[in-house]
Amino acid sequence: MANRKVRVVHYLNQFFGQIGGEEKADLPPTVKEGPLGPGLAFTEAFQDQAEIVATVICGDTYFAANIDRAREEVTALIGRYNPDVVLAGPAFNAGRYGTACGAVAQGVVETLKKPVVSGMHPENPGYEMYRRFAYIVETGSSAASLRKAVGPMARLALKLGRGEKLGLPQEEGYLPRGIRKNVFLAERSSKRAVDMLVARLRGEDYVSEYPMPFFDRVEPSPPLKDPAKARVALVTSGGIVPKGNPDKIESSSATSYARYDLSGVDDLTDKAYQTVHGGFDPVYANNDPDRVLPVDVMRELEKEGLIGRLHRYYYTTVGNGTSVANARCYAAAIAAELKRDGVQAVILTST
Amino acid sequence: MVKEIERAGLPVVHICTIVPISLTVGANRIVPAVAIPYPLGDPELTAEEEKKLRRRLVIKALQALQTEIEEQTVFS
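Keep in mind it's a predicted model, so treat the numbers as computed, not measured. (Residues numbered from 1 in each chain as written. Chains lettered and ligands numbered in written order. Predicted model: local features only at pLDDT ≥ 70, side-chain atom pairs only at ≥ 80, totals over all residues. Heavy atoms only, no water.)

Undergrad: Describe the packing of helix α10 (residues 295-304) of chain A against helix α3 (residues 47-65) of chain B, listing the residues and the values that go with them.
TA: Where α10 of chain A contacts α3 of chain B, the axes come no closer than 9 Å and their chain directions differ by 65 degrees. As summarised for this structure, α10 of chain A and α3 of chain B are arranged roughly perpendicular, according to the angle between their axes. When the axes of α10 of chain A and α3 of chain B are compared, the crossing they make is right-handed. Mapping the contact onto sequence places Asp 296, Val 297, Met 298, Glu 300, Leu 301 and Glu 304 of chain A in α10 of chain A and Lys 51, Arg 54, Arg 55, Val 58, Ile 59 and Leu 62 of chain B in α3 of chain B. Split into classes, the residues belonging to the contact of α10 of chain A with α3 of chain B amount to 6 nonpolar, no polar and 6 charged. (Axes fitted to C-alpha atoms, helices over the stretch in contact; angles between N-to-C directions. Helix = DSSP H or I, 4+ residues; strand = E, 2+ residues; numbered from the N terminus. Parallel < 35°, antiparallel > 145°, perpendicular 65-115°, else oblique. Left-handed = near helix turned anticlockwise from the far one by under 90°. Contact = heavy atoms within 4.5 Å. Nonpolar A, V, L, I, M, F, W, Y, C, P; charged D, E, K, R; others polar.)

See below:
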């Protein structure tokens, strides 16, 4: 047994699985024998101690649109190859891909009872949603950080695949999973707590044994009283812009937002508007941008008196890979303008 | 973004496709959308039916905005 190679199955999306870009994101799960794409880098890092026996690939949109079904299908495909450990991604800061990798981890851990190693940027929603299922190595926000992620992911996969116990997140190089374990230490807790307090008073470094969890929740606003009298604004992270993208909003990791005047616009046509979002197949949104930003319906409701009026400007950015810090800044600035302009409610659409 | 708008005191409804992400991020009023590339549409439908579908979603969003809630709520 000692010399047996660890059996690895690798999960990838359609892009890293070399099937195609957004136009192939509807791809249902499929399997290819052996390593593929990033799997080649992992194979190199394993140095003959482990083998990627198969690669399971699924389109990001297919997965996101059918999370439960996709998780079961992918897990079943992985199970056929009887892995010791499963690799998923890395997904960097791609939200759909990270969510898919996390859901695969849940399926594999719960159904196949095998460990899963993934790689994500800490802001990837897949991390917070699924961190208790996978051992997730911290990566940069884009695939440029693949090289750096491979080594640590491969090392964890080898250890877990051999059934070895892992140490704490900071020792082993994975992101905290929110799991508490009992350990015995030489010094009792009262002494450790006083030591920590003394260090703090002296201005020295100390590490909390239980950092307080940080839940950034906002209280729901009181409901809108009378929409027939209200000014309602549209905001989108779906990247709808006037044709030609005059403000050059980036299709991924946007560094700006823009506002555009809707005066005299009753319908978003393919002639005048488009999407610049790089995280989905843009054909449908380009053919009819109302599919993302429902200006046509808002005008209808305005005419019928169901809303007071549609705010003159709409605000737009691209949510794809955009950092939480940036998104927060944009929205805070947008909200301040909307309030100044007397807007009473906001409909925000996301793709 | 939804959260920051809400923090500023404006009632906001999130029409989005991947509801679990919206819940994780912390939106309070959520209306599930149709699909990622066309959250408020469906290219399989006729233009007229598609607009009706979009209208239903926007009306649902307006209803969500008028609903008193204590915690995150998905209006499906």
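From this point, things continue past the structure.
Undergrad: I'd love a proper account of the environment of Val 74 of chain A, names of residues and values included.
TA: Residue and element names in this part refer to chain A. As for its position among the elements, Val 74 is in helix α3 (residues 67-79). Measuring from C-alpha to C-alpha, the distance between Val 74 and Val 31 comes to 9.0 Å, with 43 residues separating the pair along the chain. The residues contacting Val 74, other than those within four sequence positions of it, are Tyr 11, Pro 29, Val 56, Cys 58, Phe 63 and Val 104.

Undergrad: So what's going on with the side chain of Lys 3 of chain B? Residues and values would help.
TA: One can find Lys 3 of chain B in helix α1 (residues 2-7). If we skip the residues at most four places from it in the chain, Lys 3 of chain B touches Asp 216 and Val 218 of chain A together with Val 25 and Gly 26 of chain B.

Undergrad: I'd like a rundown of the pattern of salt bridges, residues and numbers included.
TA: All names here are of chain A. Throughout the structure, instances matching the rule amount to 26 salt bridges over all chains. As a salt-bridge pair, Arg 299 and Glu 302 come within 2.9 Å of each other at their nearest N and O atoms. Placement of the pair is Arg 299 and Glu 302 together in helix α10, with a separation of 3 residues, close to one helical turn. (Salt bridge = Lys/Arg side-chain N within 4 Å of Asp/Glu carboxyl O.)

Undergrad: Describe the sheet that holds strand β2 (residues 30-33) of chain A, with residues and values.
TA: Residue and element names in this part refer to chain A. As summarised here, the arrangement of the 6 strands in space is β2-β3-β1-β4-β5-β6, forming an open sheet in which the pairing is mixed. Looking along the sheet, the strands with just one partner apiece sit at the ends: β2 and β6 (135-138). Averaged over neighbouring strand pairs, the angle between their axes works out to 25 degrees when direction is ignored. As paired strands, β2 and strand β3 (residues 50-58) are joined by 4 bridges and run antiparallel to one another. Paired with Val 31 across the two strands is Val 56, which belongs to β3. Of the strands in this sheet, β1 (6-13), β2, β3 and β4 (85-92) touch α3, which is tilted by about 155 degrees from β3. (Pairing = 2+ DSSP bridges.)

Undergrad: So what's going on with the packing of aromatic side chains? Which residues, and what values?
TA: Residue and element names in this part refer to chain A. Overall, the coordinates contain 11 aromatic pairs over all chains when judged by the stated rule. Geometrically, the ring pair formed by Phe 15 and Phe 16 is edge-to-face, given 5.1 Å between the ring centres and 85 degrees between the ring planes. Taking 5.7 Å as the distance between ring centres and 20 degrees as the angle between the ring planes, the aromatic pair formed by Phe 16 and Tyr 97 counts as stacked. Here Phe 16 is found in the loop between β1 and β2, whereas its partner Tyr 97 is found in helix α4 (residues 95-112), with 81 residues between them in sequence. Taking the relative accessible area as the measure of exposure, Tyr 97 reaches 1% and is therefore buried. Taken together, the ring pairs in this structure connect Phe 15, Phe 16, Phe 92 and Tyr 97 into an aromatic cluster. (Phe/Tyr/Trp six-rings, centres within 6.5 Å; stacked < 30°, edge-to-face > 60°. Buried < 20%, exposed > 50% of the residue type's maximum accessible area, 1.4 Å probe, protein only.)

Undergrad: Quick rundown of the domain arrangement of chain A? Include the residues and the values.
TA: All names here are of chain A. By domain assignment, chain A separates into domain 1 (6-172) and domain 2 (227-349). For domain 1 versus domain 2, the distance between C-alpha centres works out to 34 Å. Facing the 5 residues of domain 1 at the interface are 9 residues of domain 2. One can count 0 salt bridges joining domain 1 with domain 2. Remark: the boundary between domain 1 and domain 2 carries 2 residue pairs in polar contact (both at pLDDT 80 or more). For the side of domain 1 that touches domain 2, the class distribution of residues is no nonpolar, 1 polar and 4 charged. (Domains from an automatic or database assignment. Polar contact = N/O pair within 3.5 Å; in protein donor to acceptor, adjacent residues only side chain to side chain.)

Undergrad: An account of the nonpolar core is needed here, citing residue identities and associated values.
TA: Ranked by internal contacts, the top residues of the largest apolar core, which has 105 residues, are Tyr 11, Phe 46, Phe 63, Leu 87 and Ile 347 of chain A. Per-element accounting of this core gives the leading share, 9 residues, to helix α6 (residues 146-161) of chain A. Taken domain by domain, this core gets at least three of its residues from each of domain 1 (6-172) and domain 2 (227-349) of chain A. Those residues in contact with Phe 63 of chain A that sit more than four places away from it in its chain are Tyr 11, Cys 58, Ala 70, Arg 71, Val 74, Ala 100, Ala 103 and Val 104 of chain A. Counting residues in each nonpolar core, the second largest holds 22 residues, with Ala 331 and Leu 338 of chain A together with Val 2 and Ala 27 of chain B among its members. (Core = buried A, V, L, I, M, F, W, Y, C linked by side-chain atoms within 4.5 Å.)

Undergrad: Describe the pairing of strand β12 (residues 313-316) of chain A, listing the residues and the values that go with them.
TA: All names here are of chain A. Taking every second residue as pointing to the same face, both faces of β12 are buried, with Tyr 313 and Tyr 315 on one and Tyr 314 and Thr 316 on the other. Looking at chain direction, strand β7 (residues 231-236) and β12 are connected through 2 bridges and run parallel. Pairing of Thr 236 across the sheet is with Thr 316, part of β12. Alignment of strand β9 (residues 258-261) against β12, held across 4 bridges, turns out to be antiparallel. Paired with Asp 261 across the two strands is Tyr 313, which belongs to β12.

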